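Below, each chain spelled out in residue letters.
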Amino acid sequence: MTTHPSPTTTELRARLADTFSEECREYRQRYHDNPAAIVPILSMQGVTKHLDGRMVLNGIDLDIPKQAITAIIGISGSGKSVTLKHLVGLMRPDSGIVALNGQNLGSLSGKKLQAVRRRFSLLFQGGALFDSLNVFDNVAFPLRETTRTSESEIQTRVFGALEDVNLSGMGHKFPDELSGGMNKRAALARALITRPEIILLDEPTAGLDPIIENAIHHLICDTFLRTRTTMVVISHAVPAIFKWCHHVIVLHQGKVLASGPAMTIMDSSDPVIRQFIRGEVDGPIHIL
Amino acid sequence: MAHPVLLLGTTALQVTRETGRMFLFLLQTILASLSPPWRLRNVFKQIHFIGMRSLFVIALTSVFAGMVLALQGYYTLSRFGSEALLGPAVALSMIRELGPVLSGLMITGRAGSAIAAELGIMRIREQIDALDVMGVPPIRFLAVPRFLAGLVALPLLTVIFDVIGIWGGYLVAVQLLGMSAGTYLGGIESAVSMHDVTTGLIKALCFGIVITWVCSYKGYFARRGAEGVSHATTSAVVLSSVLILVSDYFITAMML
Ligand SMILES: Nc1ncnc2c1ncn2[C@@H]1O[C@H](COP(=O)(O)OP(=O)(O)OP(=O)(O)O)[C@@H](O)[C@H]1O
Ligand SMILES: [Mg+2]
């Protein structure tokens, strides 16, 4: 008698990567056949922003495709985090429009803005865990405060989420007792737990070792394939990130330098993009 | 160098803007505290922090305040041969003035500074933004419990301050200066009216508002790292203390 062994996690992971790269190819095909057929869920038009008298966003136009993973890349200080904060309405543009499903976020306030915000979750670059709560309560926080989930279900979901980010058994620790990477992962668990419509992640893999970085990429991709949530990921994990997203937006000096399917951008002949992807010090971007 | 008129104008605008923002913050806090959900657990936690954890400081300062009041009062009154009035003098100044004001100042130093620092750190570490993004209104979540706790804790602390202060006066008057207990306490009973008590409690209530409002506000809008938080804390303590003394005068004038 032969038994069919259930697939090992290694096989599952391989399958995940295959399924996803197949999807990305399809996405590229659809995009090139007819870019207008890709429905944007979030868009920015002509957004400018000055901070402390410096122009940080200099006329950003971008569309975030619905139910896809979009990566925003660009050199440090190019305005990625500021762009993300505009997308949730934490910062308001000096001029231009940020729209969610065609509705201008700038026109919302009070209860309406609150309702819109609950459709998002955001992982901050710095984590932004609450110092006074332990990891468990931090992850449970959005469920407790914004949903009517029973305490027993909260338990199950939080333990599940902590396991997903490889933090099982760390629930009782406080944020200041965790390493930088653990902090980041706890915050990621908090961002994923409410299952919102749109998930924005500001450098989910920064400061992680390559193994965990890869695991987090798998987790994000797995979450996507299970829920079809729109995701925006800011990442410095170039070129690995190109494998893990449908769409890439390249920011440079407060503007969108390029936007398109990951593979198209990867093959771009633009010297700035090429320099960035290869991480060369010499080139059109002057660092030193 | 900037033109003096320009400087004056900019400063005036800045002060106006800041004042407006402060009152808006107060208004938002009051409005939010009028409607559910109240998050009573958070309110109790804050009452514990502002009230319970301040008891020792309040007890210590009040007993010495009462003692020195009796000592000074005795010295002054004895010049006019009216030592018998020492009880009422201590009790009235405690209940009408020193109880609320000194409690207010002590709580500003102990709890107000902590409120400003805590919210300041939450601000610069983007924890307040995180609340915002989760759709949890930060003013309701952070400022309201502290505000309500201030409203409850300050009057209670003031009453405790009054009682211990009067007892401190008793120690000096009766144990040290040899006054009869009957004279000290009997005088208090006949001289203190309900109106005096109400005045003191209204002051305490107002100071409760001032402390939690100013300190939450300063922390809430802290900027620029550790230095910004330390600046917010300092200016919260200074402004709250000043406002306590200023409003004390006006409440007294109105309640006379
Ligand atoms: N709150 C702020 N006040 C003033 N300037 C700011 C603020 N936030 C960002 N900036 C400025 O805006 C620019 C873009 O910042 P941003 O955080 O978006 O960069 P980034 O692309 O996310 O970089 P990194 O990859 O290093 O995170 C920077 O020059 C920064 O100095
Ligand atoms: Mg950033």
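The preceding data block contains the structure.
(A) Structural detail: a nonpolar patch on the surface. A cluster of nonpolar side chains, contributed by L24, L27, I30, L31 and L34 of chain B, occupies part of the molecular surface with about 490 Å² of accessible area. On the basis of relative accessible area, L31 of chain B is assigned to the exposed category, the value being 53%.

(B) Up close: the sheet that holds strand β7 (residues 198–202) of chain A. Residue and element names in this part refer to chain A. Strand order across the open sheet formed by six strands is β6-β7-β8-β3-β9-β10, with mixed pairing between neighbours. Bordering the open sheet on either side are β6 (120–123) and β10 (255–261), each of which pairs with just one other strand. Neighbour-to-neighbour, the strand axes of the sheet open up by a mean angle of 15°, direction not taken into account. Sitting on the sheet, helix α1 (residues 9–33) is in contact with β3 (69–73), β9 (247–252) and β10, with an inclination near 110° to β10. On top of the sheet, helix α6 (residues 180–193) reaches β6 and β7; it is set at about 175° to β6, its chief contact.

(C) Molecular detail of the coordination of the magnesium ion (ligand 2). Residues and elements named next belong to chain A. For the magnesium ion (ligand 2), the full set of protein donor atoms is S81 (OG) and Q125 (OE1), at a range of 2.0 to 2.2 Å. Taken together, the residues span a long stretch of sequence, with S81 in helix α2 (residues 80–87) and Q125 in the loop between β6 and α4 (135–146) at a distance of 44 residues. Overall, the relative accessible area of 38% leaves Q125 in the partly exposed class.

(D) Broad picture of the pairing of β6 of chain A. Residue and element names in this part refer to chain A. The side-chain alternation of β6 yields two buried faces, one formed by F120 and L122 and the other by S121 and L123. Bridge analysis of β6 against β7 gives four bridges, and the strand direction is parallel. Directly across from L123, in β7, lies its bridge partner L201.

(E) Region of interest: the site of ligand 1. Residue and element names in this part refer to chain A. What surrounds ligand 1 is a group of 15 residues, the closest being S76, K80, S81, Q125 and H236. Taking S76, its side chain carries an N or O atom lying 2.6 Å from an oxygen atom of ligand 1. Here K80 contributes a side-chain N or O atom positioned 2.8 Å from an oxygen atom of ligand 1. When isolated, ligand 1 has an accessible area of 630 Å², and the protein chains bury 70% of it. Secondary structure elements with two or more residues in the shell around ligand 1: β2 (54–65) and α2.

(F) Summary view of the packing of aromatic side chains. All names here are of chain B. Within this structure, the stated rule accounts for 12 aromatic pairs over all chains. Measuring from ring centre to ring centre gives 5.3 Å for F25 and Y220, while their planes differ by 55°; the resulting arrangement is tilted. Highlighted residues: F25 in helix α1 (residues 4–34) and Y220 in helix α8 (residues 194–220), separated in sequence by 195 residues. As far as the burial class goes, F25 and Y220 line up, both buried. Every member of this aromatic cluster is reached through a ring pair, and the members are F25, Y217, Y220 and F221. Seen from the ring of F49, R110 lies directly overhead, with NZ or CZ sitting 5.0 Å from the centre. Sitting above the plane of the Y220 ring, R123 keeps its charged end 4.9 Å from the centroid.

(G) Here's a closer look at the pattern of salt bridges. Under the definition given, this model contains 21 salt bridges over all chains. Among the ionic pairs, E145 of chain A bridges to R39 of chain B, the shortest N-O distance being 2.0 Å. In this pair, E145 of chain A sits in helix α4 while R39 of chain B sits in the loop between α1 and α2 (40–50), so the two residues belong to two different chains. With a relative accessible area of 26%, E145 of chain A lands in the partly exposed category. On the basis of relative accessibility, which here comes to 19%, the residue R39 of chain B falls in the buried class. Salt bridges sharing partners connect three or more residues here, namely D137, R144 and E151 of chain A.

(H) Local environment of the interface of chain B and chain A. Every contact between the two is made by 18 residues of chain B and, on the other side, 20 residues of chain A. Buried surface at the junction of chain B and chain A, summed over both partners, amounts to about 1,600 Å²; 57% is from carbon and sulfur atoms. The largest share of the area that chain B buries against chain A comes from E126, V133 and M134 of chain B, three residues that together contribute 38% of it. A salt bridge links E126 of chain B to K85 of chain A; the nearest nitrogen and oxygen atoms lie 2.7 Å apart. The tally of links between chain B and chain A comes to seven residue pairs in polar contact (both at pLDDT 80 or more). Of all elements in the fold, only α4 (86–124) and α5 (127–134) of chain B reach the threshold of two or more residues within the side of chain B that touches chain A. A breakdown of the residues in the side of chain B that touches chain A according to their chemical character gives nine nonpolar, two polar and seven charged.

(I) Structural view of helix α3 (residues 110–117) of chain A. Along α3 of chain A, the positions that sit buried rather than exposed are L113, V116 and R117 of chain A. Taken down its axis, α3 of chain A places every buried residue within 100° of arc, on the same side. The exposed set on the far side of α3 of chain A, more than 90 degrees from its buried face, consists of K111 and K112 of chain A. Check the buried side of α3 of chain A and you find it contacts β4 (95–100) and β6 of chain A together with α5 of chain B.

Reading the values: rules and limits
- Residues numbered from 1 in each chain as written.
- Chains lettered and ligands numbered in written order.
- Predicted model: local features only at pLDDT ≥ 70, side-chain atom pairs only at ≥ 80, totals over all residues.
- Heavy atoms only, no water.
- Patch = residues over 30% accessible without salt bridge, like charges linked within 9 Å, V, L, I, M, F, W, Y side chains within 5 Å.
- Areas by Shrake-Rupley, 256 points an atom, 1.4 Å probe, with all protein chains shown as cover.
- Salt bridge = Lys/Arg side-chain N within 4 Å of Asp/Glu carboxyl O.
- Buried < 20%, exposed > 50% of the residue type's maximum accessible area, 1.4 Å probe, protein only.
- Pairing = 2+ DSSP bridges.
- Helix = DSSP H or I, 4+ residues; strand = E, 2+ residues; numbered from the N terminus.
- Axes fitted to C-alpha atoms, helices over the stretch in contact; angles between N-to-C directions.
- Contact = heavy atoms within 4.5 Å.
- Donors = N, O, S within 2.8 Å, 3.2 Å for Na, K, Ca; no water.
- Near = heavy atom within 4 Å.
- Polar contact = N/O pair within 3.5 Å; in protein donor to acceptor, adjacent residues only side chain to side chain.
- Phe/Tyr/Trp six-rings, centres within 6.5 Å; stacked < 30°, edge-to-face > 60°.
- Lys NZ or Arg CZ within 6 Å of the ring centre and 35° of its normal.
- Buried area = accessible area lost by both parts, 1.4 Å probe.
- Nonpolar A, V, L, I, M, F, W, Y, C, P; charged D, E, K, R; others polar.
- Arc of directions from axis to C-beta.

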